[in-house]
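One-letter residues, chain by chain:
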Amino acid sequence: MNDLTQTPEMLIGAMGAKARKAAAIMAGVPSEKKAQALVAAAKALRDATSKIILANRADMERGAANGLTAALLDRLRLDEGRIAGIADAVEQVATLADPVGQVIDETERPNGLKLQRVRVPLGVIGIIYESRPNVTADAAALGLRSGNAVILRGGSEAVESNRAIHAAMVKGIEAAGLPADAVQLVPSTDRALVGAMLRAVGLIDIIVPRGGKGLVARVQDEARVPVLAHLDGICHTYVHDKADPAMARAVVLNAKMRRTGICGSMETLLIDKAYPEPEALIATLIDAKCEVRGDAAIRAMDPRVEAAQDSDWDTEY
């Protein structure tokens, strides 16, 4: 039976069973071999650049036709530079210390019994995320490095991009001798499959949602397996009173304007009252075409600052 003709429960059940077997293998893979697999996956991503760009073009065209905002289209867009950045990030994960086997606590009882807390893989991690296709590679790399198997369910906006990135990652993983089922991508954008993942007790050990409030709320409401959730993506940058002014201006500008459409873009700038050059920070943002809203103290520093409303402090822009 073709996977896409199965019920959501059957499809996720089959994927979960494969992931469970792969997780048992991954738990015992030496650190060096996991690192080699990630380096191989990064190379496969670079080799597949033209295919990934072609797939992404289809997503971009469909997204534009469906009325995606400029910010969402920017999150979705891939080019040679961004794909190179994705591959670089996978390689960086390969250099991270392997958490598996680390002793994080150790005690000895009066009777001589020694107790240790040792880090072990979680097992099978289900990751549900929205429009950004780079998450496919990021999540796969982190899951692999930590000795887990992952089941990925990306957003419908990036379906073709996700498939192309996943295919490249699997090619690299297999070339290094690790099981392809350690990184699986849900093959359909049917929302019922999300529900099946959330109910996959015994097959998926933990669900990690990455996206907006609606997604996180649904996962928390419906999940029957443990969830590692986040709340609002409201990013703050704090400027210390001893901060180097030139560095502070560069950091603040980068924090907001490098890519305004991503969830890591700054929403709130907090400036220590003793910082000597707050006006320059505000001017740097406004001169870069960033609208600044502030309280009375900030508005007094630059007439171009608009008055902040209560809602501005808890809104993700």
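This one's a predicted model, so the numbers in the text were calculated from it and none came from an experiment. (Residues numbered from 1 in each chain as written. Predicted model: local features only at pLDDT ≥ 70, side-chain atom pairs only at ≥ 80, totals over all residues. Heavy atoms only, no water.)

A. Region of the structure containing the sheet that holds strand β6 (residues 206–210). Overall, parallel pairing links the 4 strands, which are arranged β5-β4-β3-β6 in an open sheet. Strand pairing shows two members of the sheet lacking a second neighbour, β5 (183–185) and β6, which therefore form its edges. For this sheet the average axis-to-axis angle between neighbouring strands, irrespective of direction, equals 20°. Judged from the 5 bridges that link them, strand β3 (residues 124–129) and strand β4 (residues 149–153) form a sheet pairing that is parallel. Bridging from a neighbouring strand, isoleucine 128 pairs with arginine 153 of β4. Against the sheet, helix α6 (residues 134–145) touches β3, β4, β5 and β6, its axis set at about 165° to β4. (Pairing = 2+ DSSP bridges. Helix = DSSP H or I, 4+ residues; strand = E, 2+ residues; numbered from the N terminus. Axes fitted to C-alpha atoms, helices over the stretch in contact; angles between N-to-C directions. Contact = heavy atoms within 4.5 Å.)

B. Region of the structure containing the pattern of salt bridges. Applying the stated criterion across every chain yields a total of 19 salt bridges. Close ionic contact of aspartate 74 with arginine 77 constitutes a salt bridge, the shortest N to O distance being 3.8 Å. Between arginine 259 and aspartate 74 there is a salt bridge, with its nearest N and O atoms 3.5 Å apart. In this pair, arginine 259 sits in the loop between α10 (245–257) and β8 (266–271) while aspartate 74 sits in helix α4 (residues 70–76), placing the two residues 185 residues apart along the sequence. Judged by relative accessible area, aspartate 74 falls into the partly exposed class, the value being 22%. (Salt bridge = Lys/Arg side-chain N within 4 Å of Asp/Glu carboxyl O. Buried < 20%, exposed > 50% of the residue type's maximum accessible area, 1.4 Å probe, protein only.)

C. Quick look at the nonpolar core. One finds Ile12, Leu45, Val90 and Leu152 to be the most contacted residues of the largest nonpolar core, which totals 65 residues. In this structure valine 90 touches Leu38, Ala41, Ala42, Leu45, Ala137, Ala141 and Met169, once residues within four positions along its chain are discounted. Formed by 13 residues, the second largest nonpolar core is a distinct cluster that contains Val239, Cys290, Val292 and Val305. (Core = buried A, V, L, I, M, F, W, Y, C linked by side-chain atoms within 4.5 Å.)

D. Representation of empty space enclosed by the protein within the structure. Under the counting rule described, the total for this entry stands at 1 cavity of 30 Å³ or more. Together, Arg153, Gly154, Gly155, Val159, Asn162, Arg163, Leu185, Val186, Pro187, Ser188 and Thr189 line the largest cavity. Its residues placed into classes, the lining of the largest cavity shows 4 nonpolar, 5 polar and 2 charged. (1 Å grid on protein atoms, 1.4 Å probe; cavity = no way out; pocket = protein on both sides within 12 Å on 5 of 7 lines; lining within 4 Å. Points joined across faces, edges and corners; volume = space filled by probe spheres on them. Nonpolar A, V, L, I, M, F, W, Y, C, P; charged D, E, K, R; others polar.)

E. Spotlight on the layout of surface pockets. Its boundaries defined by the atoms lining it, the largest pocket holds a volume of some 880 Å³. Around the largest pocket, the lining comprises 32 residues; the ones closest to its centre are Glu267, Thr268, Leu269, Val292 and Arg293. Elements that contribute at least two residues to the lining of the largest pocket include exactly α4, β8, α11 (278–287), β9 (293–294) and α12 (296–299). Among the elements that take part in the lining of the largest pocket, β8 stands out by supplying 6 residues, more than any other. Here the residues of the lining of the largest pocket sort into 18 nonpolar, 4 polar and 10 charged. Listed by contribution, the elements that provide at least two residues to the lining of the second largest pocket are α4, β3, α8 (191–198) and α9 (213–222). A total of 3 residues in the lining of the second largest pocket trace back to one element, the largest contributor, which is α9.

F. Just unusual backbone geometry, in detail. Even without being a glycine, lysine 289 presents a positive backbone phi close to 75°. Looking at the element boundaries, lysine 289 is found in the loop between α11 and β9.

G. Expanded view of a nonpolar patch on the surface. A contiguous nonpolar surface patch, about 250 Å² in accessible area, is contributed by Val103, Val118 and Val120. As for its placement among the helices and strands, valine 103 is situated in strand β1 (residues 103–108). (Patch = residues over 30% accessible without salt bridge, like charges linked within 9 Å, V, L, I, M, F, W, Y side chains within 5 Å. Areas by Shrake-Rupley, 256 points an atom, 1.4 Å probe, with all protein chains shown as cover.)

H. Examining helix α2 (residues 31–47) more closely. Here α2 spans 25 Å end to end across 17 residues, near enough to the 24 Å set by a 1.5 Å rise per residue. Regarding α2, the residues found buried are Lys34, Ala35, Ala37, Leu38, Ala41, Ala42, Ala44 and Leu45. The inward-facing, buried residues of α2 abut α1 (8–26), α3 (49–65), α5 (80–94), α6 and α7 (159–175). (Expected span 1.5 Å × (residues − 1).)

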